[in-house]
Amino acid sequence: MTAPMSAFKDEDTLIEALINKSEAAFRHAVTECQRSMLYLAHSMVGNKLADEVVQEAWFSAMRALPKFERRSKLKTWLMRIVANEAKTRVRRENRQESLDAMLEPDAAMDSRFDTKGHWQNNPLDWDGDSPEALLTSDELRACIDEMIETLPDLQSATLNLRERQGYSLDEICNILDVSESNVRVLLHRARNRVFRCIENFQDSGECCTI
Amino acid sequence: MLTCKQVSDTASDLLEGPTTLSQDIRLRLHLMICIHCRRYLKQLRLSTGVVSKSGSAPAPSKEDIETLVSKLSDQDK
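All values reported here derive from a predicted model rather than from experimental measurement.

Conventions we followed
- Residues numbered from 1 in each chain as written.
- Chains lettered and ligands numbered in written order.
- Predicted model: local features only at pLDDT ≥ 70, side-chain atom pairs only at ≥ 80, totals over all residues.
- Heavy atoms only, no water.
- Contact = heavy atoms within 4.5 Å.
- Buried area = accessible area lost by both parts, 1.4 Å probe.
- Salt bridge = Lys/Arg side-chain N within 4 Å of Asp/Glu carboxyl O.
- Disulfide = S-S within 2.5 Å.
- Helix = DSSP H or I, 4+ residues; strand = E, 2+ residues; numbered from the N terminus.
- Buried < 20%, exposed > 50% of the residue type's maximum accessible area, 1.4 Å probe, protein only.
- Phe/Tyr/Trp six-rings, centres within 6.5 Å; stacked < 30°, edge-to-face > 60°.

Draft legend 1. Representation of the interface of chain B and chain A in the model. With 41 residues of chain B at the contact, the number on the chain A side is 50 residues. For the pairing of chain B and chain A, the buried interface totals around 4,200 Å² over both sides, and the portion due to carbon and sulfur atoms is 63%. Three residues, E16(B), V51(B) and L72(B), lead the burial of chain B against chain A; their summed loss comes to 14% of the area buried on that side. Here chain B is connected to chain A by eight salt bridges. For D129(A), the salt bridge is made with K42(B), and the minimal N-O distance between the two is 3.1 Å.

The structure is reproduced here in structure tokens:
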């Protein structure tokens, strides 16, 4: 029997029901959070492993729930557990790039400026004034997705959480366990990669994900 | 006066909203005279729009939800 969503009048009630292993509470929480959790996992470990990572995160979360201190929303806490599971998986597969490496200066961007800090390789003028206009090309859409998959896990996760899921910088710090200044750098690097990807596509009509 | 590289280095922060007043004034002065930075900022903003509009997370099916709910209910039984 499915309990109506209104059965959980607030988050504390829901958490108590989850701790008591109420099936209706599980259904409510999964319905509310699964999509976001999968989207984040997908950005960090790819499509093949995302389901497994999220399922593992649910099990870990439900075991840890009695100790949840409720300093963040339940969903943010669940997302943090997904990020941790995904990081563990990336580490296990030796695909992890260190945070320090991800924060190093962006050589591809820096080379576009001369020693006085002026553009020497000017940004090209794009043909298209809105995201919709740019995305009329299916090739560009596929290229962007392919490029994002090549980003290091934390850059890809930051981009996913900020641009595609609308999380605030504060929440992203909490979910990824990274300082705000580092989140800002990760986001800037990732955005510049997208910028260069679109620029290259506009210039050559070809997809370059490097 | 800000250099173009300094504008580029802080561009992403600018997209997140207003920064300090002095930085805002220095940026505006730079953008008044630099078409390349105006173009870069505009296109960086467009890039973020492209990312947000190009992706979508499919909603999990009812069947997937029920499978997971039953696994969670069976846990530690």
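Draft legend 2. Structural context of the state of the cysteines. Residue and element names in this part refer to chain A. Taken as a whole and judged by the stated rule, the model has one disulfide over all chains. Bridging C143 to C207, the disulfide has an S-S length of 2.1 Å. On the S-S bond that ties C143 to C207, the torsion sits near 85 degrees, and the link is right-handed. Of this pair, C143 sits in helix α8 (residues 138-150) while C207 sits in the segment after α11 (180-204), placing them 64 residues apart in sequence. The class for C143 is buried, based on a relative accessible area of 1%.

Draft legend 3. Expanded view of the packing of aromatic side chains. Per the counting criterion, the structure on display carries five aromatic pairs over all chains. Here F68(A) and W77(A) contribute two aromatic rings whose centre-to-centre distance is 4.5 Å and whose plane-to-plane angle is 25 degrees, an arrangement assigned as stacked. According to the relative accessible area criterion, F68(A) is buried, its value standing at 9%. Members of the aromatic cluster, joined through ring pairs, are F113(A), W119(A), W126(A), F195(A) and Y40(B).

Draft legend 4. Structural view of the pattern of salt bridges. Throughout the structure, instances matching the rule amount to 21 salt bridges over all chains. Notably, a salt bridge pairs E66(B) with R27(A), separated by 2.7 Å at the nearest N-O pair. Here E66(B) is found in helix α4 (residues 62-74), whereas its partner R27(A) is found in helix α2 (residues 23-45) on a different chain. On the basis of relative accessible area, E66(B) is assigned to the partly exposed category, the value being 34%.

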